[in-house]
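# Remarks on the overall topology
Here is what each chain is made of, one letter per residue.
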Amino acid sequence: MAAAAEPGAEIGAVLVQVQEDLQQLKEKLRNVSQGWEEVDLQGLETAIERTESGLRKHTEKYLSAINKSVLTISPSGDAEPHLRQISKWGIPLETSQKEIVFPEEAAVTIQRNDPSLRISTGSKHKLSMTMRIMCNPRNNHHRIFLNQNYGVSLPFIHRRETALAPTQKVVKGVTVNCLAVAPPPHGRIRLPRSKLGVEKGILNLIERGLIPRAARITLEKPPVLLRSVPLHDFHKKHQKPAADGGMGSKKVVKRLPPFQKPSSTPSYTSKGSIAPPPSCISVISPKKSKAQSDPSICKQELVASAWLPKSPEVSMAKPVENVTLEFDIPVRQGVIDYESSSLLAFKQHCCLFWGSALSFLEHVANLLKDFAVPSAIIKGKKVVEILPDFELTQRSTREELLSVLKNYTTVKRMISRPGQRYKGQNGVQVAATKIQATWRCYQCRRAYITFRQQQWASGVIAISWLMHVHMGRVRKTLQESRQRHLENFFTRAKHLAANWNRIRTSRRTIIHIPSLGYSQQIREASPDFPIHQGSQLGRLCEIQDSNVDVIYICPVPASEELLQYYDKLLGLQAAVRSGNHKDIADLQDRFKILTPEAVYSFPNRPLSLATFLKYSPSTIKRIKALIQGREAYIVGGLLHQDDLAVADMLDVPILGPDPEVSHLYSSKSGSKRVFAAACVPVPPGQYDIYSRKQMLEVLSQLIIDYPEVKRWVFKLDHDYGGNGTAYCDVIAHLKCYPWVQKESQRYGPEMWQKKWAHEPALAKISQELPGLLAQHAQAVNEKRFPTWAKFLQTFVSQGGIIEAFPPSDSITGLTVDMLIEPSGEITMVSSGDQIHADGPLRSSGTTLPQASVETSVLNLLSLKIAEACKSRGVVGYFSIDFVTFIHPKTLGQQVWAIDLDLRYSDHLALTQVLLHVTNGMLDCRRSCFQVQLVPKKPKDRKKEQPQTAPIVSRYAVMSSSMRHVNLSFIYYNVFLQMCKAHGIGYDVQEKEGSIFTLFEDQKRHIFGMVTIGEHLQGALMTFARHLFIIYQELSAPNMHAETNFKEAVQDIEAILGVTEQNKMKFEEEQQQAAKTQSPPK
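Keep in mind the model is a prediction, meaning the values are calculated, not measured. (Residues numbered from 1 in each chain as written. Predicted model: local features only at pLDDT ≥ 70, side-chain atom pairs only at ≥ 80, totals over all residues. Heavy atoms only, no water.)

### Focus on the packing of helix α11 (residues 354–370) against helix α12 (residues 380–393)
Packing of α11 against α12 brings their axes to within 10 Å, and their N-to-C directions diverge by 100°. Relative to α12, the element α11 is oriented roughly perpendicular. Seen from α11, the contacting residues are Ser356, Ala357, Ser359, Phe360, Leu361 and His363; seen from α12, they are Val383, Ile386, Leu387, Phe390 and Glu391. (Axes fitted to C-alpha atoms, helices over the stretch in contact; angles between N-to-C directions. Helix = DSSP H or I, 4+ residues; strand = E, 2+ residues; numbered from the N terminus. Parallel < 35°, antiparallel > 145°, perpendicular 65-115°, else oblique. Contact = heavy atoms within 4.5 Å.)

### Regarding the nonpolar core
Counting residues in hydrophobic clusters, the biggest one holds 76 residues, and the most contacted among them are Leu540, Leu914, Phe996, Phe1007, Leu1027 and Ile1030. At nine residues, helix α35 (residues 1016–1034) tops the list of elements feeding residues into this core. Of all hydrophobic cores here, the second largest spans 37 residues; its members include Ile689, Val740, Ala761 and Phe785. (Core = buried A, V, L, I, M, F, W, Y, C linked by side-chain atoms within 4.5 Å. Buried < 20%, exposed > 50% of the residue type's maximum accessible area, 1.4 Å probe, protein only.)

### Observations concerning the pattern of salt bridges
In the structure shown here, the tally under the stated rule is 27 salt bridges. Put simply, Glu399 and Lys412 hold a salt bridge, and the shortest N to O gap is 3.3 Å. A residue pair is termed long-range when its members are at least 10 positions apart, and Glu399 in helix α13 (residues 398–403) and Lys412 in helix α14 (residues 408–415) qualify at 13 residues. A relative accessible area of 30% places Lys412 in the partly exposed class. Across the pair Arg926 and Asp923 runs a salt bridge, and its minimum N-O distance is 2.6 Å. On the accessibility criterion, Arg926 (52% relative accessible area) is exposed. The class of Asp923 is partly exposed, set by a relative accessible area of 25%. Three or more residues are tied together by salt bridges with common partners; here these are Arg507, Asp549, Arg590 and Arg630. (Salt bridge = Lys/Arg side-chain N within 4 Å of Asp/Glu carboxyl O.)

### A short note on the sheet that holds strand β29 (residues 992–998)
Adjacent strands of a sheet pair through backbone hydrogen bonds, lying either parallel or antiparallel. Read from one edge of the open sheet, nine strands run β23-β22-β19-β20-β21-β27-β30-β29-β28, paired in antiparallel fashion. The sheet terminates laterally at β23 (893–901) and β28 (986–987), the two strands that pair on one side only. As paired elements, strand β27 (residues 955–963) and strand β30 (residues 1006–1013) share seven bridges and run antiparallel to each other. Paired with Met962 across the strands is Phe1007, a residue of β30. (Pairing = 2+ DSSP bridges.)

### Digging into the confidence of the model for the protein chain
Averaged over all residues, the pLDDT of the protein chain equals 78, while 70% of them reach at least 70. Confidence drops under pLDDT 50 across residues 68–117; counting only partners more than four residues distant or on other chains, this segment forms 96 contacts. pLDDT under 50 marks residues 160–199. Its contacts with residues more than four places away, or in other chains, come to 47 contacts. (pLDDT = per-residue confidence, 0-100.)

### A closer look at a nonpolar patch on the surface
On the surface, a cluster of nonpolar side chains totalling about 280 Å² of accessible area is made up of Tyr448, Ile449 and Phe451. Tracing the backbone through its elements, the reader meets Phe451 in helix α15 (residues 427–498). Judged by its relative accessible area of 45%, Phe451 falls in the partly exposed class. (Patch = residues over 30% accessible without salt bridge, like charges linked within 9 Å, V, L, I, M, F, W, Y side chains within 5 Å. Areas by Shrake-Rupley, 256 points an atom, 1.4 Å probe, with all protein chains shown as cover.)

### What to know about the packing of aromatic side chains
Under the counting rule described, the total for this entry stands at 21 aromatic pairs. An angle of 35° between the planes, with centres 6.0 Å apart, marks the rings of Tyr747 and Trp752 as tilted. Classification of Tyr747 by relative accessible area gives partly exposed; the value is 23%. Judged by its relative accessible area of 13%, Trp752 falls in the buried class. Among the aromatic residues, ring-to-ring pairing joins Phe714, Phe785, Trp788, Phe791 and Phe795 into one connected group. Its end group placed over the ring of Tyr747, Arg746 keeps NZ or CZ at 4.6 Å from the ring centre. (Phe/Tyr/Trp six-rings, centres within 6.5 Å; stacked < 30°, edge-to-face > 60°. Lys NZ or Arg CZ within 6 Å of the ring centre and 35° of its normal.)

### A few points about helix α25 (residues 659–666)
Those residues of α25 that fall on the buried side of the exposure criterion are Pro659, Val661, Ser662, Tyr665 and Ser666. Viewed along the axis of α25, the buried residues span an arc of 165°, placing them on a single side of the element. Against the buried residues of α25 lie β13 (631–638), α24 (641–650), α26 (668–678) and β23. (Arc of directions from axis to C-beta.)

Printed below as a string of structure tokens:
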């Protein structure tokens, strides 16, 4: 009966039930004798709500069945087709795992071709409005409608009014503006499956505006179940199988084009309803939720065909699908052909979102019109893919607009042409705008650049001013600090001078800081600057005085091997006194070798040792602990401002001059001033030269004044070790020299001394000298000054002197070390003749005592220079270099003072080693070095008599700059064992042999050696023989290593030859003197 019921039967039953309820209400009202105030309002409200609920429920089901019925497509390949239970209004009552769970109702069998379901559109609308009024008791026409149609007069009930949500109008199209798409895990709307929401459906929520149209909806169980579409050939009929398995009634299935609307009467088969594929509504499957994170996949989700499951049975449907979705929309001269069949089909395909599609097409057309593209073809499929993003953003880039074109490459090439934009619509106006904008941009850019330049300039000025102020503040602070250090230095120096006689005879600690405070340019020019600072480890030997403890600051890290060597060397003092080499004392408590920790922080920086110590607080703290409660003073090198800072930190005096005095008179020009004040002979020359013109004028005048000088020497003011020295044999290469001699002879000796007579010669010599010096001048240190131009540049910048080289083939250099004590007493502490292993202008060692100049002459000259230094505030150790030769004109011995160094010299450090290992006495006034030998024990103990220790003379050859590169390949222990194997050692009984001084154990290519002999020739021969043995052990046959051993041996051989000649001459003179003094027979 239910299957055959009319569509309005259910509504009639509901209305009958309403009448019965109302009738019961009337009877109840009649029984009430009192007014409306006594009526049971609760019962009345319950009846009315039950009536509203029933009407609303059945009305919504009916309307949903009529307006929103969903046709399902049954799979063609199923053996047993799955029949879905559908209500009589077309509502599916069965659900799958992907559908929404609806309330279960009785299954209704549908008559497939029932004409009663064919309801016109007008009837649908009228019935829908009626049901809406009946379902809404609050409607103004509700009571009137019931009274007119059913004769029911409802009373006016004053109920509590509740605030209703404002009604919203259903607006078609995009309801959100640029909706931001949230990430997939959080951007979906989870709908609660309430009874009301399930009954009304998702489309109802969308129409009511509760869900934005652009929102992505994920249902727990989708209401639509997608199935594969059964597709057949166009010319074949689809036969409906009969119930017995045969072919039933045959029905021709027409394939409709995508733009044609299907007929209002659906055709049903036993397989299910065959409907066109969904065109614009897509349902997101839970299995596809992972793909939603990719925007490109989200674009494809709008196309319903992409969601159809692929199976082997529908593989032939692929070409049909492509044909269905390909819409080639022509555009000519930027105008879309709205009459083309492709556009009409695309419009039918995109009926639900045609507004957005049309807006996008107009954007593409405007772009093509702007660039005067003659023709283009728009692919509708690409438009559908891009539309979701376009709906959200309402704008697209040029690349996105061009991506929908079928002839993309051609259009892209045309658009990319320069000036193509100005051929399209409003081209002239766009060109004028572009020109104006470019001109304005140029003006703004130029103004901006000017502004930035001014801003940069103002920033530079501000920073420069701040830096200037800051530097001025720092400079002022440094000046105050240095002035304070200087004042403290003078205060402590006065205290040291007042108590010197007591301090030098009492227990004291000497802090040796062999720092070389040269300028940064000089320090950086020396590759082995730290080794030069650390080459005075012989200062440790001052502990031979039992009242002296030594703290030596080493500029290079001292290894355990090096410390053990000096521990044994310094412990030889007891063995030397006893004559037994086993009596080695342990003197580690009397000397300390410290390395500032800043050396490790600045390993490759050639800083002075005082600077390293200044920034080494740990070493300063340890020195303070070592000297606490003791008399102490500092013996430095070439003093610097940092030496004063260190002395201020330690609060100890310095045995040395003011740093400014030290730097002034240690320079070559300053030493010439001291020599001039002392009235000692100096070589011809000129000092304080600071320009090229001055240098040429001075040299030209010197050549005229001293024609007998063949070689002239150029020396930089501030340098050490002969590194800043160059020479040139001017007379041998001066072409105008014969003409100058003729001119001097023509004028005569008296007239030639007039300055006006020299003018022609000066002009010729000055003209020839620049080329002569550039070609023939040679620097001593060719690595530092490979060319004369480089040496001249440094010479002019620093200043220097020009002096004559002694005009003799036999030249001997001397080094004299002096001490000016704080009390003013002057003492000569050492003197020796120089050895030149690296050339005639660079000293490599000395022989002690000196034997080339009369002691009285040398003492007189040294004393004069010391007095001149003392008058200028010099205190402490300093050294003087002399040169002696036989003058060719007078044939007498000439002594020149050539250099002055106001610092502790390497020669003095080696002298301390010599005195320590021999326990000898050096008398520099008599040039005599004597040692006391240990008396030998007699063999016969019965005849034992006390014997006095003999005192004998000894001579020594000392060098602190012996260099061999291959020595760095072996360790010091191996080197000492090698020397021991060849008999190179020291005899503590005879006080003869060789002692080595080691400086550092990193490069290990430079060492010092002291050889002691009975006489000078023996000491020189022993020194040369030991060098030759070491050279043979270190040098390979085919290996050319850098060394100065050969030059040292050659110079020693020359000295031996001169010594032999002098000895023979001395013997002849003695024989002649003996003959003259003997009386005649």
